[in-house]
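Architecture at a glance
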Amino acid sequence: MDFTKVIRTIPNFPEEGIMFRDITTVLHDGEALHTAVDMICSQLEGLDFDLVLGPESRGFIFGTPAAYKLKKGFVPVRKAGKLPYKTLSKAYDLEYGQAIIEIHEDAIKKGQKVVVVDDLLATGGTCKAICELVEEIGGIVEAIVFFIELEDLNGREVLKGYNISSLVKY
């Protein structure tokens, strides 16, 4: 499937000069959503891992059905203050400022292997912070799968050394 024909591009959002890639059009299309989740899962074939991690909020959209299909647990990584139990947190830079993400301190056991599934690789800051949290807990990042990659923002450089794949590249 050519997802570039399904993904809506919105110019000058959230600010002038940005070409926003809107995945809601993929989510509205049952066939496209099904194909996207299947293709994400195919990127993980043959890998030995225990858990799927997905960052808030669009990582939940692709990560949870992938975890379900692959019969793996799902770990949400959320914005600060959203998780109810004891957490570990990491501050990181965004394209438009700073943010903090959190994970439950008991979400990953030492030595567990995880994959990260998210909708978009832009500058790589969010995913790098997630990988650092996983490693601080004692987990191992086996792979990272993105639905979309914005190649001109060089997020792969920030994530150098990790097994990265993406389905759609702009």
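Above this note sits the structure.
Let me sum up the structure you'll find in this document. (Residues numbered from 1 in each chain as written. Predicted model: local features only at pLDDT ≥ 70, side-chain atom pairs only at ≥ 80, totals over all residues. Heavy atoms only, no water.)

Side note on the packing of helix α2 (residues 30-43) against helix α3 (residues 58-70)
- Interhelical geometry of α2 versus α3 gives an angle of 65 degrees and a closest axis separation of 9 Å. In terms of crossing hand, the pair formed by α2 and α3 is right-handed. Residue-level contacts link L33, A36, V37, D38, I40 and C41 of α2 to F62, P65, A66, K69 and L70 of α3. (Axes fitted to C-alpha atoms, helices over the stretch in contact; angles between N-to-C directions. Helix = DSSP H or I, 4+ residues; strand = E, 2+ residues; numbered from the N terminus. Left-handed = near helix turned anticlockwise from the far one by under 90°. Contact = heavy atoms within 4.5 Å.)

Observations regarding the pairing of strand β9 (residues 164-169)
- Burial runs high along β9: 5 of the 6 residues are buried.
- Judged from the 5 bridges that link them, strand β8 (residues 140-149) and β9 form a sheet pairing that is parallel. Its bridge partner being in β9, I148 is matched across the sheet by V168. (Buried < 20%, exposed > 50% of the residue type's maximum accessible area, 1.4 Å probe, protein only. Pairing = 2+ DSSP bridges.)

Examining the pattern of salt bridges
- Applying the stated rule across the entire model yields 9 salt bridges.
- Where K69 meets D38, a salt bridge forms, and the shortest distance between an N and an O atom there is 2.4 Å. Here the residue K69 occupies a position in helix α3, and D38 occupies one in helix α2, the gap between them amounting to 31 residues.
- Overall, the relative accessible area of 26% leaves D38 in the partly exposed class.
- A salt bridge links E56 to R78, with the shortest nitrogen-to-oxygen separation between them at 2.8 Å. (Salt bridge = Lys/Arg side-chain N within 4 Å of Asp/Glu carboxyl O.)

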